[in-house]
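# Analysis of the macromolecular model
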Amino acid sequence: MFTGIVEEVGTVTVCEDFGLTVAAKQVLEDVKLGDSISVNGTCLTVVQFGEGQFRVDLAPETLRRTSLGELSESSRTNLERPLAVNDRLGGHIVQGHVDAAGRIMSIRPEGDCFIFRIRAPKKLMPYIVEKGFIAVEGISLTVVNRGAASFTVSVIPYTLSNTNLQDKVAGNRVNLEVDILAKYVESLMAR
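I will try to describe carefully the structure that is included in this document.

### Observations regarding the overall build of the chain
In terms of regular secondary structure, the chain is built from three helices and 12 strands. Its C-alpha atoms give the chain a radius of gyration of 16 Å, within 12% of the compact-globule value 16 Å for 191 residues. Across its three principal axes, the chain shows a C-alpha extent of roughly 45 × 45 × 35 Å. Going through the 191 residues of the chain one by one, you find that 45% of them count as buried. For the chain, the proportion of contacts with a sequence separation of at least 24, taken over those separated by at least 6, is 69%. Counting every atom, the chain has about 9,900 Å² of accessible surface; 53% of that belongs to carbon and sulfur.

This is the structure in structure tokens:
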């Protein structure tokens, strides 16, 4: 489980069909084989590490649901270690189980912030509510507005400069994870 508070931005050093190697520092401080690391919001298992980098495998299901297959060498990635039991929950409960990839429709300045409009798959829209949580590229963000097929989030300067959102432009795909609590409520209500 993660919080959606990115710890550092890593850089892809090796990109293969079913795996990635990522250069990092902070997330490697206490890493062990088999640990989870959130890479752009996707919970992945460390299968190898050393010399300032770690390797993760990418299952076909992961490649189908996420935008990780579009990464290349030198791509910057948002990284977060799992939540420790004694940590603060600074964002929201993020599983790292990406629901789908969305597409950035526009990015516009508003004051010192940037408003990202993101088109989401129709199946995710019932779980997206104004002032609710959503994880975009593993970043815990608050929904500003919700439309029929898209939503907006406001990105503050700190978040922009400390995540890979600074590299994004209209047309880019981004990983989306909706609030798990909404999915559980729907499941319970359906029964």
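### Some remarks on a nonpolar patch on the surface
Residues Met1, Leu89 and Ile93 make up a contiguous nonpolar surface patch of roughly 260 Å² in combined accessible area. Residue position: methionine 1 is located in the segment before strand 1 (8-16).

### Digging into the sheet that holds strand 4 (residues 42-50)
Consider a sheet: its strands pair through backbone hydrogen bonds, and that pairing is either parallel or antiparallel. Spatially, the six strands close up into a barrel ordered 1-2-5-4-3-6, and their pairing is antiparallel. Here the average twist between neighbouring strands, direction ignored, is 45°. As defined by bridge partners, strand 2 (residues 19-23) adjoins strand 5 (residues 53-57) across five bridges and the pair is classed as antiparallel. Within the sheet, the bridge partner assigned to valine 22 lies in strand 5 and is phenylalanine 54.

### Brief notes about the sheet that holds strand 8 (residues 113-119)
Strand order in the closed barrel made by the six strands is 7-8-11-10-9-12, with antiparallel pairing throughout. In this sheet, adjacent strand axes meet at a mean angle of 45° when their direction is disregarded. As judged from the three bridges shared by strand 10 (residues 139-146) and strand 11 (residues 150-155), these two strands associate in the antiparallel manner. Residue pairing for strand 11: arginine 146 is matched across the bridge by phenylalanine 151.

### Re the side chain of serine 75
By the element assignment, serine 75 lies in the loop between helix 1 (60-65) and strand 6 (76-80). Not counting the four nearest positions on each side in its chain, serine 75 is found in contact with Gly10, Thr11 and Val12.

### A closer look at the pairing of strand 4
A regular strand places its side chains on the two faces of the sheet in alternate fashion. Two elements, strand 3 (residues 36-39) and strand 4, share four bridges in a ladder whose sense is antiparallel. Within strand 4, the position partnered with valine 39 by the bridge is threonine 42. Connecting strand 3 to the next strand, strand 4, in antiparallel fashion are two residues, including asparagine 40 with a positive phi near 50°. When strand 4 meets strand 5, the two strands line up antiparallel, connected through four bridges. Residue pairing in the sheet places glycine 50 in a bridge with glutamine 53 of strand 5. Two successive antiparallel strands, strand 4 and strand 5, enclose a turn made up of two residues, where glutamate 51 displays a positive phi of approximately 50°.

### Remarks on the layout of surface pockets
Its volume calculated, the largest pocket comes out at about 310 Å³. If you go around the largest pocket, you meet 18 residues; those closest to its centre are Glu7, Arg81, Pro82, Leu83 and Asp87. Classifying every residue of the lining of the largest pocket gives seven nonpolar, three polar and eight charged.

What counts and how
- Residues numbered from 1 in each chain as written.
- Predicted model: local features only at pLDDT ≥ 70, side-chain atom pairs only at ≥ 80, totals over all residues.
- Heavy atoms only, no water.
- Helix = DSSP H or I, 4+ residues; strand = E, 2+ residues; numbered from the N terminus.
- Rg over C-alpha atoms; globule rule 2.2 N^0.38 Å.
- Buried < 20%, exposed > 50% of the residue type's maximum accessible area, 1.4 Å probe, protein only.
- Contact = heavy atoms within 4.5 Å.
- Areas by Shrake-Rupley, 256 points an atom, 1.4 Å probe, with all protein chains shown as cover.
- Patch = residues over 30% accessible without salt bridge, like charges linked within 9 Å, V, L, I, M, F, W, Y side chains within 5 Å.
- Salt bridge = Lys/Arg side-chain N within 4 Å of Asp/Glu carboxyl O.
- Pairing = 2+ DSSP bridges.
- Axes fitted to C-alpha atoms, helices over the stretch in contact; angles between N-to-C directions.
- 1 Å grid on protein atoms, 1.4 Å probe; cavity = no way out; pocket = protein on both sides within 12 Å on 5 of 7 lines; lining within 4 Å.
- Points joined across faces, edges and corners; volume = space filled by probe spheres on them.
- Nonpolar A, V, L, I, M, F, W, Y, C, P; charged D, E, K, R; others polar.

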